[in-house]
Amino acid sequence: MFFRDRRDAGRQLAARLGHLKGTEVVVLGLPRGGVPVAAEVAEALGAPLDVCLVRKLGVPFQPELGMGAIGEGGVRVINDDVVRTARVAPDELTRVEAREGEVLENRARRYRGGREPVGTEGRTVVVVDDGVATGSTARAACRIARARGAARIVLAVPVAPHDWASRLGGDADELVCPHTPWDFSAIGQFYSGFFQTGDDEVVACLEEAVARPPSTRRAEPRHAVPEDPEVDVQAGATVLRGQLTLPEGAAGVVLFAHGSGSSRHSPRNRFVALGLNRAGLGTLLFDLLTEEEAEDRSNVFDTGLLARRLADATGWLRGRPEAQGPAVGYFGASTGAAAALWAAAEPGARIAAVVSRGGRPDLAGPRLSAVNAPTLLIVGGHDGSVLDLNRDARARLRCESRLEVVPGATHLFEEPGALEKVTDLARDWFTDHMAPVPHAAH
């Protein structure tokens, strides 16, 4: 394995692109899996991020086999060898193109949310994907960038076959790839975690990039949401990496407890955090475990350990001068929700509110009855077993609580509009309950 996940791949790839920092560069990620990779590259280069919309044209009876690709602006790349070998008739190719063209248009509207595409005229464009297999999608993306007036095109991917350069022809001016193994069979074989990227993750990455403008742009107004500075969170004797955002006059700060195998870079949590920031709430996203600790899977599911880290991080936050006044809340996802409830049940915790997204509150066990922070449980309507666990857990809570079911949503809330609904519910819950909490009497 070369990469833990796409974010890790993006950081490794960014290290090979340092020569572009400070230039007129735009980063374009290929949805969906390429966008989290591109987000890390754009952040490292201080460059704007956008999507390069391309749709693979799959052979009708074997959709995973690409016979070409289409992109914005009418760009079309057809692999004649695949079409001929698979005996795809012209009318079949036309139907596939029409279907994928409709998906492409819908995604353009969804991903950008009405925003215009980032301008590429006369600039260096870095086209990023999570890997290259056949190369047809990457070629189409480069041609799209060229059609949009790019002066120079850099195709950058974390992993590709050893002969990838010969497959790409002259569609890019520069090729960058840290790993080109001979034993290449599929992109996912080089990732420890290669889970499907949902539309909400793509939207989250783009929204974060808009909220964190590059240094080359004009400074934001004084009351805009600030950039997320990296901070060292002191948790006992352990130092954890985090991102703290404190809008001016924030009434509260929400600490995020991510689920198993995730980190402060979780696109879903970052999407929610951005929505809270826009409502004037502060957020702290941080790693509950160090990289070395996370390698031991038993730590990932140690609710008591994670709860202690969350409580320590809360103490660290409250010790900072800028966080003396705001109330503190917890947002827990998956197994992180159990850690949030466990920590909120500690004597003297003084937690104003807790929100659980697709959580496992049952893992907090007997501590549920000791939670006194108002608690909102959000579960997808199609997440049957977790929904039952949340119903049972709510019956054991003695505090103000509510269970909200998002219709049609599954465990990761990947369906269109599902994560937006989670964000709205969390925002309203926190703003309704985030009155500053007084210090306990000594």
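Anyway, here's the lowdown on the structure attached to this text. (Residues numbered from 1 in each chain as written. Predicted model: local features only at pLDDT ≥ 70, side-chain atom pairs only at ≥ 80, totals over all residues. Heavy atoms only, no water.)

### Description of the packing of helix α2 (residues 34-45) against helix α7 (residues 199-211)
It is the contact of α2 with α7, at a shortest axis distance of 9 Å, that shows an interaxial angle of 15°. Overall, the two elements α2 and α7 adopt an arrangement that is roughly parallel. Along this stretch, α2 crosses α7, giving a crossing that reads as left-handed. Residues Val-35, Pro-36 and Ala-39 of α2 lie in contact with α7, whose contacting residues are Glu-201, Val-202 and Cys-205. Class assignment of the residues belonging to the contact of α2 with α7 gives a composition of five nonpolar, no polar and one charged. (Axes fitted to C-alpha atoms, helices over the stretch in contact; angles between N-to-C directions. Helix = DSSP H or I, 4+ residues; strand = E, 2+ residues; numbered from the N terminus. Parallel < 35°, antiparallel > 145°, perpendicular 65-115°, else oblique. Left-handed = near helix turned anticlockwise from the far one by under 90°. Contact = heavy atoms within 4.5 Å. Nonpolar A, V, L, I, M, F, W, Y, C, P; charged D, E, K, R; others polar.)

### Side note on helix α8 (residues 267-278)
Between its first and last C-alpha, α8 extends 17 Å over twelve residues, near the 16 Å set by a 1.5 Å rise per residue. Counting buried residues along α8, eleven of its twelve residues qualify, which places the element largely inside the surrounding structure. Considered for burial, the residues of α8 that qualify are Pro-267, Arg-268, Asn-269, Arg-270, Phe-271, Val-272, Ala-273, Leu-274, Gly-275, Leu-276 and Asn-277. Looking one or two residues beyond α8, the residue adopting positive phi is Gly-280, at roughly 90°. (Expected span 1.5 Å × (residues − 1). Buried < 20%, exposed > 50% of the residue type's maximum accessible area, 1.4 Å probe, protein only.)

### A few points about the state of the cysteines
In total, this model carries zero disulfides according to the counting rule given. Between Cys-177, a cysteine without a disulfide, and Cys-142, which holds the nearest cysteine sulfur, the sulfur-to-sulfur distance is 13 Å. Looking at the unpaired Cys-205, the closest cysteine sulfur is the one in Cys-52, lying at 16 Å. In this structure Cys-205 comes out as buried when scored by relative accessible area, which is 1%. (Disulfide = S-S within 2.5 Å.)

### Quick look at unusual backbone geometry
The amide bond that connects Pro-31 to the next residue, Arg-32, takes the cis arrangement and shows omega of 0°. Turning to its location among the elements, Arg-32 is positioned in the loop between β1 (25-29) and α2. Even without glycine at this site, Ser-334 takes up a positive phi of about 55°. As for its position among the elements, Ser-334 is in the loop between β13 (327-333) and α12 (335-344).

### Quick look at the packing of helix α4 (residues 90-112) against α7
Running from N to C, α4 and α7 point in directions that differ by 45°, and their axes come no closer than 8 Å. Judged by the inter-axis angle, α4 sits oblique to α7. Listed contacts from α7 to Arg-107, Arg-110 and Tyr-111 of α4 are Asp-199, Asp-200, Val-202, Val-203 and Leu-206.

The analysis is restricted to geometry; functional conclusions fall outside its scope.
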